[in-house]
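Chain by chain, the residues run as shown.
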Amino acid sequence: MTTIFLKPHKEESLKRFHPWVFSGAIGRVLLDTTHKGDAPEEGELVAVYSAANEVLGVGHWQVGSIAVRILAFGVEQLPKDFWRERIRAAYRVRQTLGLADVQRDNVQSTKENNTFRLIHGEGDFLPGLIVDVYAETAVIQAHSVGMHVCRKEIAEAILAEVPQVQNIYYKSDDTLPFKAPIEGEKTGWLVESQKTASLKDKSRSDEFWSVENGLQFRIDWLRGQKTGFFIDQRENRALVERYANGKDVLNMFCYTGGFSLYALRGGAKTVDSVDVSQKAIDLVNVNVAKNFPAATNHTAVAADAFEYLSAQKAQGRTYDLIILDPPAFAKHRDAVKNALRGYQRINAKAIEMIRPGGILFTFSCSQAVDKEAFRLAVFSAAAQVGRKVRILHQLHQPQDHPINIYHPEGEYLKGLVLFVE
Ligand code: SAH
């Protein structure tokens, strides 16, 4: 196996279980004899040692400023049964959370929940890997070539350890480094059951339903964003349900309508769902029809958020409760400044349209924008509009998106619930 020796004193963060080795920390690379080139191959397993020859761990090599992502500390090879053990440990956490007690024969008929994130990258000690479970289907997303190379072993381990899973779909076309030399398909079924095999059109995933807190969602992982659904808002959606009774609600950036369904169940007077994507709006309508076939108080509109809010304001429209859950405005550190301006602008527009005594749920899922910076952007928005605003709740990602305490970078979702006078 290829061995990496760090420069002197560069082993400290690895000894504190931070899983990244930066390229600048590397002193020497000792390639194993099978190599033709002069550098490790992206995705290969490498052993990492300190300058003083102590074993630090084993991980996946990647090209870029993070050169190795450690999978196991203090060993030079992956232990036997590594994947099964990691997946079993992650599944146990979800069982402890009460999210994953569904068995194979009742996965379809569960009344409560069969939807959860099984693997949250570094938060589950598997850097570069995301796995979401929707009823009988797991969707795997690789963010590193190393995880792509291991996808079949990972799928086998999930099938062996998670009783409700019968199908496994692989979806990594948007998440793998696009310049990397990648062998094999980046999307497609890794494990199929009779149900998926009998689908006439293999590219259809729209016959699959998932249950979250008793609400049914059609999950289209194939054409949908990310793995098909934003599981990370589960708890925050449930909070919207508590505030929705009798209110006129706007769910901005609604995607498949998660917050809208909870608002409807919570007794909202009216719910408007808005998203720029017509495909998302089609899904919202399907989901509302499935859960509330008699509802006449829901409207879904495909529109740009900024344009919609301006147009509604011009007509004097106001709301009692607005949800703002935009996509990550900052995908990288260097985009933070613009992102903060974006958050300020959209929040100011929303606060303006809230009736006195109304509520704003506002979120940021940009990892590069931290809690304080986001709060400052929302503060600036409130001040700009000149409304009296108090913070009722400070929200975050749910427990099935755990943050590895040694890897604080895993914290990304933050939200505020504001009372606007
Ligand atoms: N709240 C959703 C997740 C939102 S993801 C949930 O609970 O599932 C962000 C959404 O914002 C995506 O669906 C994307 O299509 C939409 N979006 C992106 N840019 C937009 C814009 N300018 N105006 C309106 N919607 C936008």
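Residues numbered from 1 in each chain as written. Predicted model: local features only at pLDDT ≥ 70, side-chain atom pairs only at ≥ 80, totals over all residues. Heavy atoms only, no water.

A separate point is the site of the ligand. The immediate surroundings of the ligand are formed by 15 residues, with Arg 237, Asp 275, Asp 304, Ala 305 and Asp 325 found nearest. Side-chain polar atom of Gln 225 to an oxygen atom of the ligand: 3.0 Å apart, as the coordinates give it. The separation between a nitrogen atom of the ligand and a polar side-chain atom of Asp 325 is 2.7 Å. Within the complex, 89% of the 580 Å² of free accessible area of the ligand lies under protein. For the shell around the ligand, the class distribution of residues is 9 nonpolar, 2 polar and 4 charged. (Near = heavy atom within 4 Å. Polar contact = N/O pair within 3.5 Å; in protein donor to acceptor, adjacent residues only side chain to side chain. Areas by Shrake-Rupley, 256 points an atom, 1.4 Å probe, with all protein chains shown as cover. Nonpolar A, V, L, I, M, F, W, Y, C, P; charged D, E, K, R; others polar.)

Below, the discussion takes up a nonpolar patch on the surface. Residues Phe 17, Ile 405 and Tyr 406 make up a contiguous nonpolar surface patch of roughly 330 Å² in combined accessible area. Mapped onto the elements of the fold, Phe 17 is located in the loop between helix 1 (12–15) and strand 2 (20–22). For Phe 17, a relative accessible area of 37% puts it in the partly exposed group. (Patch = residues over 30% accessible without salt bridge, like charges linked within 9 Å, V, L, I, M, F, W, Y side chains within 5 Å. Salt bridge = Lys/Arg side-chain N within 4 Å of Asp/Glu carboxyl O. Helix = DSSP H or I, 4+ residues; strand = E, 2+ residues; numbered from the N terminus. Buried < 20%, exposed > 50% of the residue type's maximum accessible area, 1.4 Å probe, protein only.)

With the rule as written, the count across this model stands at 17 salt bridges. A salt bridge links Arg 94 to Asp 124; the shortest N-O distance between them is 2.7 Å. Of this pair, Arg 94 sits in helix 2 (residues 82–96) while Asp 124 sits in the loop between strand 7 (115–120) and strand 8 (129–134); the two residues are 30 residues apart in sequence, bridging distant segments of the chain. Assessed through its relative accessible area of 0%, Arg 94 is described here as buried. A salt bridge links Arg 234 to Asp 400; the nearest nitrogen and oxygen atoms lie 2.9 Å apart. Here Arg 234, found in helix 6 (residues 234–243), pairs with Asp 400, found in the loop between strand 19 (389–396) and strand 20 (414–420); they are 166 residues apart in sequence, far enough to count as distant. The exposure class of Asp 400 is buried, given its relative accessible area of 0%. Because the salt bridges share partners, they merge into one network encompassing Asp 248, Lys 269, Asp 320 and Arg 355.

Here we take up the environment of Val 107. Mapping Val 107 onto the fold places it in the loop between helix 2 and strand 7. Sequence-wise, Val 107 and Leu 126 are 19 residues apart; in three dimensions their C-alpha atoms are separated by 26 Å. Excluding anything up to four places from it in sequence, Val 107 contacts Val 102, Asn 114, Ala 135, Glu 136, Gln 164 and Gln 166. (Contact = heavy atoms within 4.5 Å.)

Once that is clear, we can look at the pairing of strand 5 (residues 55–61). Extensive coverage of strand 5 is indicated by the burial of 6 of its 7 residues. Here strand 5 runs beside strand 6 (residues 66–73); their pairing, made up of 5 bridges, is antiparallel. By the bridge assignment, Trp 61 is partnered in strand 6 with Val 68. Connecting strand 5 to the next strand, strand 6, in antiparallel fashion are 4 residues, including Gly 64 with a positive phi near 135°. (Pairing = 2+ DSSP bridges.)

Note on helix geometry: an α-helix contains 3.6 residues per turn, so any two residues three or four positions apart are oriented the same way. Buried residues of helix 4 (residues 151–161): Arg 151, Ile 154, Ala 155, Ala 157, Ile 158 and Glu 161, and no others. Burial along helix 4 is one-sided: seen end-on, the buried residues are contained in an arc of 165°. Exposed side of helix 4, more than 90 degrees from the buried face: Lys 152 and Glu 156 are the residues found there. (Arc of directions from axis to C-beta.)

This brings us to the nonpolar core. Core analysis: the largest hydrophobic core is formed by 36 residues, its most contacted members being Trp 221, Ile 323 and Phe 361. For this core, the secondary structure elements donating two or more residues are strand 13 (215–218), helix 6, helix 7 (258–265), helix 8 (278–291), strand 17 (319–324) and strand 18 (354–364). Among the elements that take part in this core, helix 7 stands out by supplying 5 residues, more than any other. Of all hydrophobic cores here, the second largest spans 34 residues; its members include Tyr 308, Ala 373, Leu 416 and Leu 418. (Core = buried A, V, L, I, M, F, W, Y, C linked by side-chain atoms within 4.5 Å.)

Looking now at the sheet that holds strand 17. Neighbouring strands of a sheet are bound in pairs by backbone hydrogen bonds; such pairs are parallel or else antiparallel. One open sheet accounts for 7 strands, arranged 16-15-14-17-18-20-19; its pairing is mixed. Edge positions in the sheet fall to strand 16 (298–302) and strand 19, since each of these pairs with one other strand and no more. Each strand axis lies, on average, 15° off the axis of its neighbour in the sheet, ignoring direction. Along the sheet, helix 6 contacts strand 17, strand 18, strand 19 and strand 20; its crossing angle with strand 19, the most-contacted strand, is approximately 145°. This element, helix 11 (residues 371–385), spans strand 18, strand 19 and strand 20 of the sheet and lies at about 25° to strand 20. (Axes fitted to C-alpha atoms, helices over the stretch in contact; angles between N-to-C directions.)

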